[in-house]
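# What the coordinates show
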Amino acid sequence: MYFQPVIRTVSGTLASVEALSRWVDPSRGMISPGLFIPILEESRQIKKLDLYVLEEVCRLYRDQVDHGKTVIPTSFNLSRQDFFQGSIFADVEEIRKRYQVPPGYALRGGHGKRLRP
């Protein structure tokens, strides 16, 4: 997982980060998400990756809060396939609660759209 910074245009300061799935193969190097994401979607495995990314985002949030660090708002992506494999909203809510991420924290899923249960 990589974090891509989102920079405010006017001030040049960090506004947030986006959690991105990346695959680094020891022999082939960086594999484009355009190659592995469609395979995960077709095999109905994408939800596992998306929930893993969300869990890591929430774990990082909890670590930042517990250690008195500045919390950086983080967005993440969900595949449209996630919405056809059970209740993605319930899954997100369960992970959010496990890490005690407040409902008002700017977790964003999809393409910058606020994710609400």
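Overview of the structure.

Definitions and cut-offs
- Residues numbered from 1 in each chain as written.
- Predicted model: local features only at pLDDT ≥ 70, side-chain atom pairs only at ≥ 80, totals over all residues.
- Heavy atoms only, no water.
- Patch = residues over 30% accessible without salt bridge, like charges linked within 9 Å, V, L, I, M, F, W, Y side chains within 5 Å.
- Areas by Shrake-Rupley, 256 points an atom, 1.4 Å probe, with all protein chains shown as cover.
- Salt bridge = Lys/Arg side-chain N within 4 Å of Asp/Glu carboxyl O.
- Helix = DSSP H or I, 4+ residues; strand = E, 2+ residues; numbered from the N terminus.
- Axes fitted to C-alpha atoms, helices over the stretch in contact; angles between N-to-C directions.
- Parallel < 35°, antiparallel > 145°, perpendicular 65-115°, else oblique.
- Left-handed = near helix turned anticlockwise from the far one by under 90°.
- Contact = heavy atoms within 4.5 Å.
- Phe/Tyr/Trp six-rings, centres within 6.5 Å; stacked < 30°, edge-to-face > 60°.
- Buried < 20%, exposed > 50% of the residue type's maximum accessible area, 1.4 Å probe, protein only.
- Lys, Arg positive; Asp, Glu negative; His and termini not counted.
- Polar contact = N/O pair within 3.5 Å; in protein donor to acceptor, adjacent residues only side chain to side chain.

## Examining a nonpolar patch on the surface
- A surface patch of nonpolar side chains, amounting to about 300 Å² of accessible area, comprises Tyr2, Val24 and Met30.
- Here Val24 shows up in strand β3 (residues 23-25).

## Details of the packing of helix α2 (residues 46-66) against helix α3 (residues 88-98)
- Two elements in contact, α2 and α3, have axes separated by 9 Å at closest approach and are oriented at 25°. Here α3 runs roughly parallel to α2, going by the angle between their axes. Remark: the crossing between α2 and α3 carries right-handed chirality. Of the residues in α3, those in contact with Lys47, Leu51, Leu54, Glu55 and Cys58 of α2 are Ile88, Asp91, Val92, Ile95, Arg96 and Arg98.

## A look at the packing of aromatic side chains
- In total, this model carries two aromatic pairs according to the counting rule given.
- Pairing Trp23 with Phe36 gives two aromatic rings, centres 5.8 Å apart and planes at 80°, and the pair type is edge-to-face. With Trp23 in strand β3 and Phe36 in helix α1 (residues 33-42), the pair connects residues that are 13 residues apart, well separated along the chain.
- Assessed through its relative accessible area of 42%, Trp23 is described here as partly exposed.
- Classification of Phe36 by relative accessible area gives buried; the value is 8%.

## Here we look at the side chain of Asp25
- Looking at the element boundaries, Asp25 is found in strand β3.
- It is Arg28 that comes nearest to the buried, bridge-free Asp25 among opposite-charge side chains, at 5.5 Å.
- At 2.8 Å, the side chain of Asp25 and the backbone nitrogen of Arg28 are in polar contact.

## Considerations on the side chain of Arg62
- Position of Arg62 among the secondary structure elements: in helix α2.
- Overall, Arg62 belongs to the buried group, its relative accessible area being 17%.

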